[in-house]
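# Summary of structural features
The residues making up each chain are set out below.
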Amino acid sequence: MRRRDHNIFANATSLIICGLLAGVVVAAAAFPAVAMSGLAAKAGGDTFAQLPSTLRSASAPQVSRVYANDGKTQIAAMYDEFRSDVRLKDISQNMQDAIVAAEDHQFFKHKGVDVKGVARAFVNNNSGKSQQGASTLTMQMVRMSQAYSATSPQEVVDATKDSPKRKITEMKYALEVEKQLSKGQILERYLNTAPFGGGAYGIAAASQVYFGTKASKLTVAQSALLAGMVKAPSAFDPTTKTGYPQAKDRRTWVLGNMRDMGFITPKEYTDAIATKIPTKIQRVGNGCTSVKTNSWGFFCDFFYRWWNSQPAFGVNVYTRERQLKSGGYRIVTSLDPKAQDQARKRATERLKDTNRNAVLLAGIEPGTGRVRFLATNRKFKLDNSAHPENRISSDPKKARKKIRGTYPNTTNPLFSGGGDITGYQAGSVFKMFTMVAALEKGLPLGTTINAGPQAKTNYIVQYGSPAACPGTNKYCPENAGGADGGPTNMWTGFGLSRNTFFVPLEERVGAERVVDVAKRFGVQFRASNDARLANNKDLAHGWGAFTLGVTSSTPLEMANAYATLAGDGMFCEPTPVQEIKTQHGEKIDVGNPHCTRATSSEVARSALDAARCPVGDQSYLGRCHGATAGVVHGAVGHPVFGKSGTTDKDKTAALIVGTASIVVAGYEVNPDWADHNDRMDHDVINPAVYKTVADYMKGKPKKGFKKPGNRKLTVGEQRSVPNVECSSIGEAKSRLSGAGFDPYVIGGQVDSKCPAGQAAGTNPDGQSIKGGPVGIEVSNGKGGGDKPPPGTKPGAPNFPGFPNSPRRN
């Protein structure tokens with residue numbers, strides 16, 4: 001469009017005329033009943049001169065679009081008003097012509113105010129005919145701009161109510177706008193701002209909603225229909241019974257104007273008249289309940305909650321949400337759609353959507369904190385209260401009140417926590433924090449503890465409780481199934497998940513230090529009692545059961561905690577985004593990986609080395625002797641690490657499996673009732689987790705973990721074990737103690753040439769870690785020929801975790 005020239009005489013003339021008309025003619029045009037009143041007169045020249053001349057600029061709300069990590073697959077649209085601005089060159093000429101034909105025939109001739117139109121409206125409105133407003137496209141654009149730039153509800157009212165002052169204000173601003181903008185710029189702004197009904201704001205949205213096309217592709221008939229609707233979108237709505245005939249008549253009128261103004265030929269007019277008018281529209285879904293693929297909804301909700309927690313987007317949740325829904329952002333998230341779909345498949349293979357128990361799978365990338373998927377056997381959906389699908393809650397208290405549960409439909413933040421979701425106890429996966437705390441204190445992986453069937457500690461519990469030693473108030477944890485671990489180091493203790501190793505280890509380290517590691521690794525402690533204990537060092541010091549995973553956590557937290565090991569000790573805040581751009585294409589620095597050092601790289605590498613044991617892999621030092629989820633390594637086919645976990649009475653089953661590329665935490669839980677009676681099964685959760693990891697790693701090159709290099713943190717200080725063969729038990733204990741070991745007598749007797757009751761030897765012999773337990777074998781005096789090779793004495797509990805000690809089941 002050619003920008004119209006402005007000269008001082010023309011502008012002066014316009015101002016004089018408008019100034020004279022402002023108080024009387026304009027007021028009369030809009031409000032004939034008060035045309036001669038004092039209000040109209042007062043609204044005249046003095047008021048006009050005093051009005052500001054600069055229109056406050058504000059962008060109309062724009063839809064924000066959320067994409068998957070490929071930058072192409074749209075996950076969701078989020079908006080208060082469905083609008084996306086487009087350039088004038090991307091709006092069909094048909095549409096440009098149609099809006100002029102419908103709303104402002106003199107648009108290319110006037111300078112913002114159609115003086116003749118104002119006068120005509122004055123005469124018409126005072127002749128008893130239908131009312132005319134005489135607003136030009138420029139004045140209408142001014143009105144919409146004022147409404148969108150309002151900073152208070154009253155300003156919105158003032159910008160839109162029918163009053164002489166508003167008309168005068170629009171005229172003044174319109175004259176100034178025409179000096180600053182070309183006709184093309186004004187037309188572009190108008191078409192991008194105007195409401196078209198059907199939830200569509202702006203021409204790009206209207207094209208999509210009504211015709212499923214782009215603004216650049218609008219035909220003559222389509223353009224005429226849309227242009228005709230601007231005046232009264234509800235009245236001219238073709239999708240309603242009353243609106244259809246009015247929309248059709250209005251379109252005919254606009255097409256006639258287009259023909260008479262030379263925009264279209266008579267044939268084009270005839271063809272357009274014959275074109276059918278749509279009676280159905282394609283409303284665009286808004287928010288996470290309208291995602292393209294339902295299972296993406298949980299990730300979308302995580303993103304939405306993340307956005308609302310970011311101070312960069314506003315001072316409170318309300319302003320942040322308004323930014324998201326009106327800012328026109330282009331957001332590329334970290335969601336991997338293929339991985340998400342595969343994880344969803346693995347979850348529903350184990351449990352159906354209608355099962356009251358849930359399989360929760362959270363996948364996160366080490367070193368960045370980017371969340372790749374969140375999958376479960378649930379549908380992300382608000383249950384319809386009128387026609388509910390959800391079953392009655394499994395919680396008896398809620399069931400008595402007929403309150404429905406969260407299956408199969410829910411929008412609760414099952415993976416990340418929030419609201420009423422504080423998390424779930426996950427069991428022995430928490431032992432990793434104790435291992436890290438021990439390494440930070442200088443206790444190496446080779447630290448050895450005699451992990452018998454029951455450990456006696458100084459932690460205080462309720463007197464006579466099941467967790468207490470009989471007749472005491474001292475905490476005495478037991479191994480699952482009553483297993484006797486014997487002398488155990490961290491590799492084997494973690495691999496076989498020995499409670500009687502880790503609770504005493506926690507006691508040596510200090511439970512408050514273990515809690516501190518968990519905090520640094522991202523555990524939130526959302527449950528009020530957990531927070532009370534975690535945030536008071538004195539209380540945390542006595543939290544003996546903490547290492548056994550009795551606090552609430554979420555799959556996302558624990559996936560990220562283990563990812564901190566694979567990230568070489570760097571904790572990266574979980575983030576759902578890869579890139580955010582403004583509507584103007586500018587990148588903003590929010591959501592990029594934000595990583596802080598949670599522990600040293602050597603501690604992380606050493607802990608990860610031991611964490612390879614539970615999942616069937618081998619540590620770099622070859623010290624894995626036992627696994628609770630040994631099939632994982634073979635199933636995944638890549639170097640792996642992780643840990644399984646189970647709570648009391650199997651109320652939760654958990655497995656975490658990680659590679660250098662992805663860490664997946666899986667929980668099987670009952671989200672509605674923590675104290676349920678079901679037994680969670682590792683045959684359910686374990687395959688869901690390791691198959692998800694295998695799916696993700698398929699076709700990717702094998703990548704090993706960084707090797708620990710500090711022997712002080714791995715094997716520790718090794719010392720020679722004295723030969724105490726045929727010594728008295730007392731003398732054997734004394735010699736072993738003097739050498740820096742913790743001696744104990746192994747139950748039972750072994751064949752030996754030494755006299756009965758004397759020491760037949762030790763387990764281990766050769767070398768062992770300083771301060772570690774050394775068992776004294778007792779001779780039965782029956783003779784045994786030559787002494788068996790070290791570590792293979794019959795009847796003696798060998799030390800798991802050392803090269804010369806075979807695995808003991």
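Helix and strand counts for the chain stand at 28 helices and 24 strands. Expressed as a percentage of the 809 residues in the chain, the buried residues total 56%. Contacts in the chain between residues far apart in sequence, at least 24 positions, make up 71% of those at least 6 positions apart. For the chain, the accessible area works out to roughly 34,300 Å², and carbon and sulfur atoms hold 50% of it.

This brings us to the environment of asparagine 409. Within the fold, asparagine 409 resides in strand β9 (residues 409-410). Judged by its relative accessible area of 2%, asparagine 409 falls in the buried class. C-alpha separation for the pair asparagine 409 and arginine 391, spaced 18 residues apart in sequence, amounts to 9.5 Å. Among residues more than four places away in sequence, those in contact with asparagine 409 are Lys379, Lys381, Asp383, Glu389 and Asn390. Looking at asparagine 409, its side chain comes within polar contact range of the side chain of aspartate 383, at 3.1 Å.

Attention now moves to the packing of helix α4 (residues 93-103) against helix α9 (residues 183-193). Two elements in contact, α4 and α9, have axes whose closest approach is 11 Å; the angle formed by their N-to-C orientations is 85 degrees. Between α4 and α9, the crossing angle belongs to the class labelled roughly perpendicular. Counting all contacts with α4, which are made through Met95, Gln96, Ile99, Val100 and Glu103, the residues of α9 involved are Leu187, Tyr190 and Leu191. Of the residues belonging to the contact of α4 with α9, the class tally is six nonpolar, one polar and one charged.

Let us look at the sheet that holds strand β6 (residues 358-364). Spatially, five strands are ordered β7-β6-β19-β18-β17 in an open sheet, and the strand pairing comes out antiparallel. Each of the sheet's edge strands pairs with one partner strand only, and the pair in question is β7 (371-376) and β17 (641-646). Here the strands of the sheet are splayed against their neighbours by 10 degrees on average, with no regard to which way each runs. Across seven bridges, β6 lies against strand β19 (residues 663-669) in antiparallel orientation. For glycine 363, the partnering residue across the bridge sits in β19 and is valine 664. This element, helix α16 (residues 337-350), spans β6 and β7 of the sheet and lies at about 25 degrees to β7.

Let us now look at the confidence of the model for the chain. Averaged over all residues, the pLDDT of the chain is 88; the fraction at 70 or higher stands at 86%. Scored below 50 in pLDDT, residues 1-44 shows 84 contacts in the model against residues more than four places distant or in partner chains. Note that residues 787-809 has pLDDT below 50 and, in this model, 58 contacts with residues that lie over four places away or in other chains.

Within this structure, the stated rule accounts for five disulfides. Put simply, cysteine 288 and cysteine 300 are joined by a disulfide, and their sulfur atoms are 2.1 Å apart. Measuring the twist about the S-S bond at about -75 degrees, one finds the cysteine 288-cysteine 300 disulfide to be left-handed. Remark: cysteine 300 occurs in helix α14 (residues 297-308) and cysteine 288 occurs in the loop between α13 (266-273) and α14; sequence separation between them is 12 residues. Taken individually, cysteine 288 and cysteine 300 each receive the classification buried, so the pair is uniform in this respect. Cysteine 613 shares a disulfide with cysteine 624; S-S distance 2.0 Å.

This part is about the pairing of β19. When you tally the buried positions in β19, you get seven out of seven residues, the bulk of the element. In β19, alternate side chains face the same way, and those of Val663, Ala665, Tyr667 and Val669 on one face and Val664, Gly666 and Glu668 on the other are all buried. As consecutive antiparallel partners, strand β18 (residues 653-658) and β19 are separated by four residues.

What follows is about the packing of aromatic side chains. Enumeration over the complete set of coordinates arrives at 22 aromatic pairs. Taking 5.0 Å as the distance between ring centres and 70 degrees as the angle between the ring planes, the aromatic pair formed by phenylalanine 107 and phenylalanine 108 counts as edge-to-face. Judged by relative accessible area, phenylalanine 108 falls into the partly exposed class, the value being 29%. Both rings, one in tryptophan 307 and one in phenylalanine 313, keep their centres 3.6 Å apart while their planes meet at 5 degrees; by these two values the pair is stacked.

Moving on to the environment of serine 393. Mapping serine 393 onto the fold places it in the loop between β8 (379-380) and α17 (396-400). With relative accessibility at 6%, the residue serine 393 sits in the buried group. When the C-alpha positions of serine 393 and isoleucine 403 are compared, they lie 6.0 Å apart, and in sequence the two are 10 residues distant. Setting aside anything within four residues of it in sequence, one finds serine 393 in contact with Lys398, Ala399, Ile403, Arg404, Gly405 and Asp672.

When their charged atoms lie close together, side chains carrying opposite charge are able to pair. Per the stated rule, a full pass over the model turns up 31 salt bridges. Two residues, lysine 381 and glutamate 389, come together in a salt bridge whose shortest N-O distance is 3.6 Å. Judged by its relative accessible area of 34%, lysine 381 is partly exposed. Assessed through its relative accessible area of 42%, glutamate 389 is described here as partly exposed. Close ionic contact of arginine 612 with aspartate 617 constitutes a salt bridge, the shortest N to O distance being 3.1 Å. With respect to burial, arginine 612 and aspartate 617 carry one shared label: buried. By sharing partners, the salt bridges in this structure join Asp80, Glu321, Arg322 and Lys325 into a single network.

Cut-off values and rules
- Residues numbered from 1 in each chain as written.
- Predicted model: local features only at pLDDT ≥ 70, side-chain atom pairs only at ≥ 80, totals over all residues.
- Heavy atoms only, no water.
- Helix = DSSP H or I, 4+ residues; strand = E, 2+ residues; numbered from the N terminus.
- Buried < 20%, exposed > 50% of the residue type's maximum accessible area, 1.4 Å probe, protein only.
- Contact = heavy atoms within 4.5 Å.
- Areas by Shrake-Rupley, 256 points an atom, 1.4 Å probe, with all protein chains shown as cover.
- Polar contact = N/O pair within 3.5 Å; in protein donor to acceptor, adjacent residues only side chain to side chain.
- Axes fitted to C-alpha atoms, helices over the stretch in contact; angles between N-to-C directions.
- Parallel < 35°, antiparallel > 145°, perpendicular 65-115°, else oblique.
- Nonpolar A, V, L, I, M, F, W, Y, C, P; charged D, E, K, R; others polar.
- Pairing = 2+ DSSP bridges.
- pLDDT = per-residue confidence, 0-100.
- Disulfide = S-S within 2.5 Å.
- Phe/Tyr/Trp six-rings, centres within 6.5 Å; stacked < 30°, edge-to-face > 60°.
- Salt bridge = Lys/Arg side-chain N within 4 Å of Asp/Glu carboxyl O.

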